[in-house]
Amino acid sequence: MNERMTDEEILFDRQGKYGPPDLFFKTYGEMCRLLDQYAEASSQETVNDAHLTALKMVLLKVLRSTWNPGIPDNFADARNYITIAQVCATEKDTY
């Protein structure tokens, strides 16, 4: 029988894997804000939202890997998100 975790148990489990939520979201939010600012300052005519969102997911995985490098899925996910970002950047008219 597969027992379901309560919300509290899930939060406790994730904090052990990814760090304290307040620190994570403060850090991730600031990194995303800086990425947005940098993209807006670039010489692009318009910001490619799909490309930028995929890059933000890379940042998320970088933070998770920084806190707990023992979770190999974070590295694989980061690689996949950077590939998605590349596709979105080269085929931006499709998204």
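Let us look at the structure shown here. (Residues numbered from 1 in each chain as written. Predicted model: local features only at pLDDT ≥ 70, side-chain atom pairs only at ≥ 80, totals over all residues. Heavy atoms only, no water.)

**Side note on the layout of surface pockets**
Reasoning step 1: In this structure, the largest pocket encloses a volume near 160 Å³.
Reasoning step 2: Lining of the largest pocket is provided by Leu 11, Arg 14, Gln 15, Tyr 18, Gly 19, Pro 21, Phe 24, Phe 25, Leu 60 and Arg 64.
Reasoning step 3: Among the elements of the structure, α1 (7–18), α2 (21–41) and α3 (49–67) are those that each provide at least two residues to the lining of the largest pocket. (1 Å grid on protein atoms, 1.4 Å probe; cavity = no way out; pocket = protein on both sides within 12 Å on 5 of 7 lines; lining within 4 Å. Points joined across faces, edges and corners; volume = space filled by probe spheres on them. Helix = DSSP H or I, 4+ residues; strand = E, 2+ residues; numbered from the N terminus.)

**Details of the environment of Met 57**
Reasoning step 1: Structurally, Met 57 is set in helix α3.
Reasoning step 2: Placed 25 residues apart in sequence, Met 57 and Ile 82 show a C-alpha to C-alpha distance of 8.5 Å.
Reasoning step 3: Sequence-distant contacts of Met 57, that is, excluding residues within four places in its chain, are made with Tyr 28 and Tyr 81. (Contact = heavy atoms within 4.5 Å.)

**Focus: α3**
Reasoning step 1: Between its first and last C-alpha, α3 extends 27 Å over 19 residues, near the 27 Å set by a 1.5 Å rise per residue.
Reasoning step 2: Within α3 the residues assigned to the buried category are Leu 52, Ala 54, Lys 56, Val 58, Leu 59, Leu 60, Lys 61, Leu 63 and Ser 65.
Reasoning step 3: In the core, the buried residues of α3 are packed alongside α2 and α4 (72–90).
Reasoning step 4: Here α3 starts with a cap whose side-chain oxygen sits 3.2 Å from the backbone nitrogen of Ala 50, and that cap is Asn 48. (Expected span 1.5 Å × (residues − 1). Buried < 20%, exposed > 50% of the residue type's maximum accessible area, 1.4 Å probe, protein only. Polar contact = N/O pair within 3.5 Å; in protein donor to acceptor, adjacent residues only side chain to side chain.)

**Notes on the packing of aromatic side chains**
Reasoning step 1: Inspection of every chain in the model, using the stated rule, returns 2 aromatic pairs.
Reasoning step 2: Both rings, one in Phe 24 and one in Phe 25, keep their centres 5.0 Å apart while their planes meet at 80°; by these two values the pair is edge-to-face.
Reasoning step 3: On the basis of relative accessible area, Phe 24 is assigned to the buried category, the value being 11%.
Reasoning step 4: Seen from their ring centres, Phe 24 and Tyr 28 are 5.6 Å apart, and the 10° between their planes marks the pair as stacked. (Phe/Tyr/Trp six-rings, centres within 6.5 Å; stacked < 30°, edge-to-face > 60°.)

**Some points on the pattern of salt bridges**
Reasoning step 1: The tally for this structure, following the rule as stated, stands at 5 salt bridges.
Reasoning step 2: Among the ionic pairs, Arg 14 bridges to Asp 13, the shortest N-O distance being 2.5 Å.
Reasoning step 3: According to the relative accessible area criterion, Arg 14 is partly exposed, its value standing at 37%.
Reasoning step 4: The salt bridge involving Asp 36 is made with Lys 56; its shortest N-O contact spans 2.8 Å. Here the residue Asp 36 occupies a position in helix α2, and Lys 56 occupies one in helix α3, the gap between them amounting to 20 residues.
Reasoning step 5: Residue classification places Asp 36 among the partly exposed residues on the basis of a relative accessible area of 28%. (Salt bridge = Lys/Arg side-chain N within 4 Å of Asp/Glu carboxyl O.)

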